[in-house]
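# Per-entry structural report
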Amino acid sequence: MTKYITLCTIAVFVCCGVSAQNKKQAALQLKINGIIKKMTLEEKIDMLHGNALFSSGGVKRLSIPELTSDDGPLGVREEIKRFDWNSANWTTDSATFLPNGAAIAATWNPDMANRYGVVLGEEANARKKVVMLSPAFNICRMPLCGRTYEYYSEDPYLNAQLAIQSVKGIQSQHVAACVKHFAANNQEVGRDSVNAIIDQRALREIYLPAFKAAIQQGNAYSIMSAYNKVNGYWCSENDFLLNKILKKEWGFKGVVMSDWGGTHHTVAAANNGLDIEMGSSGTYDQWYFAKPLLAAVKSGQVSEKTIDDKVRRILWVMYHTSMSENHPAGSIATPAHSKAAYDIASESIVLLKNDAGLLPLKNNIKSIAVIGDNATRTFALGGYGAGVKVKYEVTALAGIRAKFGKTAEIKFAQGYKANYLANKKENADYNKPDQAMIDEAVALAKTTDVAILCVGSNREYESEGHDRKNLDLPFGEQALINAVTAVNPNTVIVIMAGAPYDLSEIKRSAHTIVWSWFNGSEAGNALANVLKGVVNPSGKLPFTFPVSLQDSPAFALDTYPGDGRTAEYKEGILVGYRWYDTKKIDPLYCFGYGLSYTNFGYSALKTDKKNYKPGDKIKVSVSIKNKGNVAGKEVLQLYVSKVNPTVLRADKELKAFKKILIAPTKTIAVNINVNINDLAYFNDKQSKWVIEPGEYKIMAASSSKDIRQVTSFFIQK
């Protein structure tokens, strides 16, 4: 009886809570409707387009402020002038440089995505920014995309879990997250002209799930339409994407904002779901959503009801952000923010190879040669992508000196020149090795106990606005690597980059490889602590490294970059590891791969039942043992496969994951759930999700290729 009363009491509180929330939202809508009634049509139109580079209009007469925004994938960008891209020369706008999107994905830790979001939100508040244009998490469809470093991964489930927490973190500070780019912005070549032809199944299963999760579970307040077309229509005027799916099917309450210069028409964009037009140039009152939109309303091509809906959405966002109660003051570039950047970077670093057991570096090392341009290069700025004006950024060399300098002599040689600028159409000889620099590096490496080679890419070479031409390491780095490893048997190769590269030769010839990223203000300290063993590496690759570019589906099927007008996604749902595993193609490094300074053993995988029906939840348990003598974090990856499917299915699909810290020699029983409804496929012909009955396999894995335990279950009709 007591249990019954308790349950009833809980139910009453839950119902009352829901009712109170509904009443609050209803009251807010009444308030917003009252404001809209007081506005002239001209005032409404003024709110629907940019009035400066990073703001759209308010209504001073009614105390409605501008809606201010700023770039944010790597941190809040420096303050620029109101009407051009030049620096405003503030002295108070130095922010925290946060690890890039692929680095966040490599943590496989939603808590780290949340901490990223909280820092971004707090720093946005300190700068009086209402909308942060972040997170960006388009699928890594092919490895050359210039924005792969900025995005998350090739997997929709991993993307979704990180996006939810990133959005929640940003918005916990009463700042709107603007998730982007909706949808299928998977290449930079021809991004503002290409028409991505994608069947609805691939769209629903691969390219939309993270956006849906960010909206429905993260409650994102705003979303940015992509530059490209999807199935014949610009994303900024795509009725199927913006009205039918986003606003009606998903119940999105917030604002759809165009990418800068990504609006093409007045009437089509207004009627098909765009709410705010943003851009970089031109006379603001001549934009599509300025005087032309006013004329379209007066001529009856766009209804005032449609305009009111857009204004209502903007005000709804404002009452949750800049006009909200108890709005946080914010803070910027604080020690706590540096700690968050360090923790994310530390968990993102991936140990690719440690065959000789060289890492962690031993205490008896007396001399270290640090070689490579990336050892002293900073990554907060560069290329076309938004950067961060930082108070400080710890380079690899600085981090290594701080960690090892008291007990070992640290010497540096540049090794190569990174002669490449993103804003140049031609970068002559950027791949040519500099023999004099190589000779200097070799001479140094001969004299030291250990050589640490810091190579890879940079923010100029990987940049918004262009895709890479190939998978080769740039700047003649391979010649440097070959020369140094030939003279120093204790060479650690550290690759700093944001996207897959061809590491075949390095993998064959080197015994120690570490993958870092554009890893934020604390990158050097995080790297040094991994090399020292203060941090046991726990990063896992968020995308597949192919052996050859022709192994990648977009290249195997000759669908990239398209013919200049159209890119047909012929691979359908077989993106990333789904393609490699289903087609039995061995990658260089697989999705989810990453080593540790310890080893983990898996046992006792089981499900709570053997038979399930739609709507059920599978309760999965597995035991993981740390078999070594140092604590480590392992990422349990659960993949599911349909046995004898009646339609094309990927060989396996990631459906759950969890990162766990395990003490030396200890075993932890890990419990994790998989929703049966998440095992559905999208039936194109019926335009609905279908859960196929029959046998399934569930796999507990350390990567997509390293399956440790398998068990079966069944779904009943």
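Criteria and thresholds
- Residues numbered from 1 in each chain as written.
- Predicted model: local features only at pLDDT ≥ 70, side-chain atom pairs only at ≥ 80, totals over all residues.
- Heavy atoms only, no water.
- Helix = DSSP H or I, 4+ residues; strand = E, 2+ residues; numbered from the N terminus.
- Rg over C-alpha atoms; globule rule 2.2 N^0.38 Å.
- Buried < 20%, exposed > 50% of the residue type's maximum accessible area, 1.4 Å probe, protein only.
- Lys, Arg positive; Asp, Glu negative; His and termini not counted.
- Charge placed at Lys NZ, Arg CZ, Asp CG, Glu CD.
- Axes fitted to C-alpha atoms, helices over the stretch in contact; angles between N-to-C directions.
- Parallel < 35°, antiparallel > 145°, perpendicular 65-115°, else oblique.
- Left-handed = near helix turned anticlockwise from the far one by under 90°.
- Contact = heavy atoms within 4.5 Å.
- Nonpolar A, V, L, I, M, F, W, Y, C, P; charged D, E, K, R; others polar.
- Pairing = 2+ DSSP bridges.
- 1 Å grid on protein atoms, 1.4 Å probe; cavity = no way out; pocket = protein on both sides within 12 Å on 5 of 7 lines; lining within 4 Å.
- Points joined across faces, edges and corners; volume = space filled by probe spheres on them.
- Disulfide = S-S within 2.5 Å.
- Polar contact = N/O pair within 3.5 Å; in protein donor to acceptor, adjacent residues only side chain to side chain.
- Salt bridge = Lys/Arg side-chain N within 4 Å of Asp/Glu carboxyl O.

## Re the overall build of the chain
- Tallying secondary structure elements over the chain gives 19 helices and 27 strands in all.
- Here the C-alpha radius of gyration of the chain, 26 Å, is about what a compact globule of 717 residues would show, namely 27 Å.
- Once the C-alpha set of the chain is aligned to its principal axes, its extents read approximately 80 × 65 × 55 Å.
- Across the 717 residues of the chain, 61% fall into the buried class.
- Taken as two groups, the 85 positive and 69 negative side-chain charges of the chain have centres that lie 7 Å from each other.

## Re the packing of helix H4 (residues 110-126) against helix H5 (residues 156-171)
- With their axes 6 Å apart at the nearest point, H4 and H5 run at an angle of 30° to one another. Judged by the angle between their axes, H4 and H5 are roughly parallel. For the pair H4 and H5, the crossing hand works out as right-handed. Every residue of H5 that contacts H4 at Pro110, Ala113, Asn114, Tyr116, Gly117, Val118, Leu120 and Gly121 is listed here: Gln161, Leu162, Gln165, Ser166, Lys168, Gly169 and Ile170.
- Split into classes, the residues belonging to the contact of H4 with H5 amount to 7 nonpolar, 7 polar and 1 charged.

## A word on the sheet that holds strand E9 (residues 233-234)
- Taken together, 4 strands build an open sheet; the order of strands is E9-E8-E6-E17 and the sheet is mixed. The two strands at the open ends of the sheet, each matched to only one other strand, are E9 and strand E17 (566-568).
- Sheet topology places strand E6 (residues 195-197) next to strand E8 (residues 229-230); 2 bridges connect them, and they run parallel. For Ala196, the partnering residue across the bridge sits in E8 and is Val230.

## Some thoughts on the layout of surface pockets
- Of the volumes computed, that of the largest pocket is approximately 1,000 Å³.
- Looking at the largest pocket, it is lined by 37 residues, and the ones nearest its centre are Tyr157, Gln161, Pro209, Gln217 and Asp678.
- Of the residues assigned to the lining of the largest pocket, the class counts are 19 nonpolar, 7 polar and 11 charged.
- The calculated volume of the second largest pocket comes to roughly 530 Å³.
- Looking at the lining of the second largest pocket residue by residue, the class counts come to 11 nonpolar, 6 polar and 9 charged.

## Here we look at the sheet that holds strand E18 (residues 600-607)
- Spatial ordering of the open sheet is given by E18-E20-E23, a layout of 3 strands whose pairing is antiparallel. Looking at which strands have only one partner, the edges of the open sheet turn out to be E18 and strand E23 (667-675). Here the strands of the sheet are splayed against their neighbours by 25° on average, with no regard to which way each runs.
- Pairing of strand E20 (residues 617-626) with E23, which is carried by 9 bridges, proceeds in the antiparallel orientation. Bridge pairing links Val622 to Val670 in E23.

## Observations regarding unusual backbone geometry
- Here the bond from Lys180 into His181 is cis, since omega is 0°, no more than 30 degrees from zero.
- For His181, the location among the structural elements is in strand E5 (residues 176-182).
- Although it is not a glycine, Asn219 adopts a positive phi angle of roughly 60°.
- Mapped onto the elements of the fold, Asn219 is located in the loop between helix H7 (209-216) and strand E7 (222-225).
- Of note, Asp558 is a non-glycine position whose phi angle comes to about 55°, a positive value.

## A few points about the environment of Ala386
- Tracing the sequence through the fold places Ala386 in the loop between strand E12 (367-371) and helix H13 (396-404).
- Ala386 gets classed as buried once you look at its relative accessible area, which sits at 16%.
- The sequence separation of Ala386 and Gly75 amounts to 311 residues, and the corresponding C-alpha distance is 8.7 Å.
- Each residue touching Ala386, except ones within four places of it in the same chain, is listed here: Asp71, Leu74, Arg77 and Arg459.

## Concerning the state of the cysteines
- Using the criterion set out here, one finds 0 disulfides in the structure.
- As a non-bridged cysteine, Cys235 has Cys178 as the owner of its nearest cysteine sulfur, 14 Å distant.
- For Cys235, a relative accessible area of 0% translates into the label buried.
- Unpaired in this structure, Cys590 has its nearest cysteine sulfur neighbour in Cys140, at a distance of 15 Å.

## What to know about the side chain of Ser596
- Relative to the helices and strands, Ser596 is located in the loop between helix H19 (577-582) and E18.
- One polar contact links Ser596 to Asn536, side chain to side chain, over a distance of 3.1 Å.
- Only 3.1 Å separates the side chain of Ser596 from the backbone nitrogen of Thr598, close enough to count as a polar contact.
- Not counting the four nearest positions on each side in its chain, Ser596 is found in contact with Leu351, Asn536 and Pro537.

## A word on the pattern of salt bridges
- Taken as a whole, this structure holds 43 salt bridges when the rule is applied.
- Here Glu188 makes a salt bridge to Arg191, at a shortest N to O gap of 2.8 Å. Comparing Glu188 with Arg191, the two get one shared label, buried.
- When salt bridges that share partners are traced, they join Arg147, Glu150, Glu188, Arg191 and Glu464 into one network.

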